[in-house]
Amino acid sequence: MQVRQSKMDLHKEGDTGSAKQKKVKIVFVIGGPGSGKGTQCKRIAQQFGYTHLSVGEILRQETSSGSETGSMIQKIMKEGKLVPSDVTVRLLQQAMQGIDNDKFLIDGFPRDEENVKVFEDLTKMEPEFVLYLDCPQDEMEKRLLSRNEGREDDNIETIRKRFKVFVESTLPTIEYYESKGKIRKVDAGKSIDEVFESIKVIFSPGKDNKVPPSKHKCKCLIL
Ligand SMILES: Nc1ncnc2c1ncn2[C@@H]1O[C@H](COP(=O)(O)OP(=O)(O)O)[C@@H](O)[C@H]1O
Ligand SMILES: Nc1ccn([C@@H]2O[C@H](COP(=O)(O)OP(=O)(O)O)[C@@H](O)[C@H]2O)c(=O)n1
Ligand SMILES: [Mg+2]
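Residues numbered from 1 in each chain as written. Chains lettered and ligands numbered in written order. Predicted model: local features only at pLDDT ≥ 70, side-chain atom pairs only at ≥ 80, totals over all residues. Heavy atoms only, no water.

J.: Explain the layout of surface pockets here, please?
T.: In this approach, a probe sized like a water molecule rolls over the atoms, and the result shows the empty space that is left. The space that makes up the largest pocket amounts to roughly 940 Å³. In terms of lining, the largest pocket is formed by 42 residues, of which the most central are Lys-37, Arg-111, Arg-147, Arg-151 and Arg-162. Contributions of two or more residues to the lining of the largest pocket are made by helix 1 (37-48), strand 2 (51-54), helix 2 (55-63), helix 6 (137-145), helix 7 (156-179) and helix 8 (192-203). Residue classes in the lining of the largest pocket are distributed as 12 nonpolar, 16 polar and 14 charged. (1 Å grid on protein atoms, 1.4 Å probe; cavity = no way out; pocket = protein on both sides within 12 Å on 5 of 7 lines; lining within 4 Å. Points joined across faces, edges and corners; volume = space filled by probe spheres on them. Helix = DSSP H or I, 4+ residues; strand = E, 2+ residues; numbered from the N terminus. Nonpolar A, V, L, I, M, F, W, Y, C, P; charged D, E, K, R; others polar.)

J.: Would you mind showing me how to read the sheet that holds strand 2 here?
T.: Adjacent strands of a sheet form backbone hydrogen bonds with each other and so pair up, either parallel or antiparallel. Taken in spatial order, the five strands make up an open sheet running 2-3-1-4-5, and their pairing is parallel. Two strands lie at the open edges of the sheet, namely strand 2 and strand 5 (183-187), each paired on one side alone. Along the sheet, successive strands turn relative to each other by an average axial angle of 20 degrees, direction set aside. Of the strands in this sheet, strand 1 (25-31), strand 2, strand 3 (103-107) and strand 4 (129-134) are in contact with helix 1, which crosses strand 3 at around 175 degrees. (Pairing = 2+ DSSP bridges. Axes fitted to C-alpha atoms, helices over the stretch in contact; angles between N-to-C directions. Contact = heavy atoms within 4.5 Å.)

J.: Where do I start with the UniProt feature "binding site: CMP" (unreviewed entry) in the protein in this structure?
T.: The UniProt record annotates "binding site: CMP" (unreviewed entry) at Asn-115. Relative to the elements of secondary structure, Asn-115 occurs in helix 5 (residues 113-123). Look at Asn-115 and you get buried, because its relative accessible area is 5%. If near-sequence neighbours (up to four positions away) are discounted, Asn-115 is found in contact with Ser-85, Val-89, Phe-109 and Pro-110. (UniProt positions renumbered as here; feature names shortened; annotations may be inferred. Buried < 20%, exposed > 50% of the residue type's maximum accessible area, 1.4 Å probe, protein only.)

J.: How should I be thinking about the site of ligand 2 in this particular structure?
T.: The environment of ligand 2 is formed by 18 residues, the closest being Lys-37, Lys-81, Val-83, Arg-111 and Arg-162. Contacts to ligand 2 include Lys-81, whose backbone N or O atom sits 2.6 Å from an oxygen atom. The separation between a nitrogen atom of ligand 2 and a polar main-chain atom of Gly-108 is 3.1 Å. According to the grid-proximity analysis, the pocket containing ligand 2 is the largest pocket. In terms of residue count, the dominant contributor to the shell around ligand 2 is helix 2 (four residues). Residue classes in the shell around ligand 2 are distributed as seven nonpolar, three polar and eight charged. (Near = heavy atom within 4 Å. Polar contact = N/O pair within 3.5 Å; in protein donor to acceptor, adjacent residues only side chain to side chain. Sits in = over half its atoms within 2 Å of the grid points.)

J.: Would you explain the site of ligand 1 in this entry?
T.: Taken together, the neighbourhood of ligand 1 is formed by 13 residues, with Gly-34, Lys-37, Thr-39, Arg-147 and Lys-190 sitting nearest. Lys-37 is positioned such that a nitrogen or oxygen atom in its backbone is 2.9 Å from an oxygen atom of ligand 1. In this structure, Arg-147 approaches ligand 1 through a side-chain N or O atom, which is 2.8 Å from an oxygen atom. Expressed as a share of its isolated accessible area of 560 Å², the protein-covered part of ligand 1 is 77%. (Areas by Shrake-Rupley, 256 points an atom, 1.4 Å probe, with all protein chains shown as cover.)

J.: Explanation requested: the packing of helix 2 against helix 3 (residues 68-78) in the structure shown.
T.: Helix packing geometry: the angle between the two helix axes and the distance between the axes. Contact geometry of helix 2 with helix 3 gives a least axis separation of 7 Å together with a crossing angle of 125 degrees. As the angle between them shows, helix 2 and helix 3 are arranged oblique. Between helix 2 and helix 3 lies a crossing of left-handed hand. Two secondary-structure elements touch here, helix 2 through Gly-56, Leu-59, Arg-60, Glu-62 and Thr-63 and helix 3 through Thr-69, Gly-70, Ile-73, Gln-74 and Met-77. Its residues assigned to classes, the contact of helix 2 with helix 3 shows three nonpolar, five polar and two charged. (Parallel < 35°, antiparallel > 145°, perpendicular 65-115°, else oblique. Left-handed = near helix turned anticlockwise from the far one by under 90°.)

J.: Is there a simple way to think about the packing of aromatic side chains in this case?
T.: Two descriptors summarise a pair of aromatic rings, namely the distance from one centre to the other and the angle between the planes of the rings. Inspection of every chain in the model, using the stated rule, returns eight aromatic pairs. Centre to centre, the rings of Phe-28 and Tyr-177 are 6.2 Å apart; their planes meet at 70 degrees, and the pair counts as edge-to-face. With Phe-28 in strand 1 and Tyr-177 in helix 7, this residue pair connects regions lying 149 residues apart in the sequence. With respect to class, Phe-28 is no different from Tyr-177; both count as buried. (Phe/Tyr/Trp six-rings, centres within 6.5 Å; stacked < 30°, edge-to-face > 60°.)

Below you can see the structure in the form of structure tokens.
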């Protein structure tokens, strides 16, 4: 099976790439826990032909593998903390390498500046742009408490810790991509359909996806 001979342009460490390789388009999707990343990614993937990879889901799958890494991941997730980036990026790379598509939506990544650095170092790639789902914290809390997917981290204690991680560690990555003109922010506090309408504009061919002129103001509360 020639899994590696896909359309992928996944550079390995030290690989500067070659003209033969096809360019892979990557869009990162970030937003607080419960902002609707998974919900909107499913729709975007369906309508615009992207492969949706949820990094949280990839990590959860590893927890059921019975490996030592899996147990470590499970403990970290239960505490609402972040898994070390080398582990996360390695699993993400593995997932991407098995897929024959050249358009990826990476949901829930990056979560902090270390995620960004390790991704850039290992893959030598950058996202085309970063979709930021900006949602008020009370709305995210309400959604998470009624998500009902049986997740160990969807309890009020862990949810609050995850909000803190979002504000302290993830928001700085938004500043980083903003400085590169790569943030596409949508108001994610509206209904699922309304949010998708705003997202469609960003993904529609022919749109130049320029950053809005004003700097983003986060709707999430600073804890
Ligand atoms: N715009 C929305 N309005 C109301 N509920 C939503 C909206 N978007 C998502 N949800 C619901 O909120 C919960 C969290 O959404 P999800 O997509 O899993 O968010 P995330 O991946 O960002 O944590 C799910 O139960 C989902 O059905
Ligand atoms: N880049 C990432 C993504 C998720 N995670 C871990 O996985 C958990 C769940 O992530 P998720 O994206 O599935 O969560 P939601 O924001 O979708 O609710 C996070 O709280 C982290 O513990 C991580 O460590 N690093
Ligand atoms: Mg999710």
